[in-house]
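Chain residues, written in single-letter form:
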Amino acid sequence: MKQSIRHQKILDLVTQKGYASTEELVSLLDVSPPTIRRDLNELAEKNLIRRHHGGAASPSTAENSDYEDRKSFFLKGKNCIAQRVASLIPNGASLFIDIGTTPEAVANALLHHQKLRIVTNNINAAYILMQNETFDIILASGSLRQDGGIIGEATVAFISQFRLDFGILGISGIDLDGSLLDYDYHEVQVKRAIMESSRQTLLVTDHSKFSRRAMVRLGSIADIEQVFTDQTPPEPILEILKANHVKLHLCQ
């Protein structure tokens, strides 16, 4: 069966039922589990479905894809973004690292730096960064999510005590009017605190976020100093960046 036909059958089933398991799709389409997983990842990257561990559901503006699946999306682009960001962070700098798989890629790219002072609400990033003994790592307090993110009023209050050189910010979606969007109200409050407590905010986002929609508004892309992405953003976004003197880095 051609890939395009499989994709359409998957979309039809997910639309009809709201959710389809990997096992169900393997049986229905008579292909291997790795093939179905690749199909689901490709459809999720296009925001046509929402990937879950063990299956897929209809896309939602209220809930993000599973963390383990998000880690596998656009790895090449995320790593390229991470390397570009790392090249601009000097040794001895202070920075926030946000929740998200792209900020975690930045954490990994920073491991060859020296004497960074890092505040993060991302346990996964902290675990990566602790490999470098010259780093001073401060982990924010708050409520721990299953994806390793720390959020809540205590997290906002903690982050607001600092004034650091850089804020490495991830995002779930960017609307064509420049709105920065996420799924969790409490996570957005933490992101806002990072922006307000950073001398420069660096937005790290793969190109798929320019077509994703989420329900909670953080602010505008015009409020960011630098944007790092792996493909040219849509024209309306480019116009906003140019009008507001936001520096764009294309990592390809």
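Computed from a prediction, not measured in an experiment: that's the story for all the values here. (Residues numbered from 1 in each chain as written. Predicted model: local features only at pLDDT ≥ 70, side-chain atom pairs only at ≥ 80, totals over all residues. Heavy atoms only, no water.)

(A) Quick peek at the packing of helix H2 (residues 22-29) against helix H3 (residues 33-45). Their axes nearest at 9 Å, the elements H2 and H3 cross at an angle of 110 degrees. If you check the angle between H2 and H3, you find them roughly perpendicular. Considering the relative orientation of H2 and H3, their crossing is right-handed. Note on element contacts: H3 touches H2 through Pro33, Ile36 and Leu40, opposite Thr22, Leu25, Val26 and Leu29. Its residues assigned to classes, the contact of H2 with H3 comprises six nonpolar, one polar and no charged. (Axes fitted to C-alpha atoms, helices over the stretch in contact; angles between N-to-C directions. Helix = DSSP H or I, 4+ residues; strand = E, 2+ residues; numbered from the N terminus. Parallel < 35°, antiparallel > 145°, perpendicular 65-115°, else oblique. Left-handed = near helix turned anticlockwise from the far one by under 90°. Contact = heavy atoms within 4.5 Å. Nonpolar A, V, L, I, M, F, W, Y, C, P; charged D, E, K, R; others polar.)

(B) Spotlight on unusual backbone geometry. Within the chain, Lys115 stands out as a residue other than glycine whose phi angle is a positive 60 degrees. Within the element layout of this structure, Lys115 appears in the loop between helix H6 (101-109) and strand E5 (117-120). A residue is classified by how much of its surface remains accessible, and Lys115, at 60% relative accessible area, is exposed. Although it is not a glycine, His245 sits at a positive phi angle of roughly 60 degrees. Mapped onto the elements, His245 comes out in the loop between helix H10 (235-243) and strand E15 (247-250). (Buried < 20%, exposed > 50% of the residue type's maximum accessible area, 1.4 Å probe, protein only.)

(C) Looking closely at the nonpolar core. Core analysis: the biggest nonpolar cluster contains 28 residues, and Ile174, Leu180, Leu203 and Ile221 have the highest contact counts within it. Those elements that provide at least two residues to this core are helix H8 (153-159), strand E9 (164-169), helix H9 (185-196), strand E13 (216-220) and H10. Looking at which element gives the most residues to this core, the answer is H9, with five residues. If we ignore the near neighbours within four places in the chain, the residues touching Leu203 are Leu169, Gly170, Ile171, Ile174, Leu180, Ile221, Ile224, Gln226, Val227 and Phe228. In this structure, Ala82, Ala93, Ile97 and Leu110 belong to the second largest nonpolar core, which totals 26 residues. (Core = buried A, V, L, I, M, F, W, Y, C linked by side-chain atoms within 4.5 Å.)

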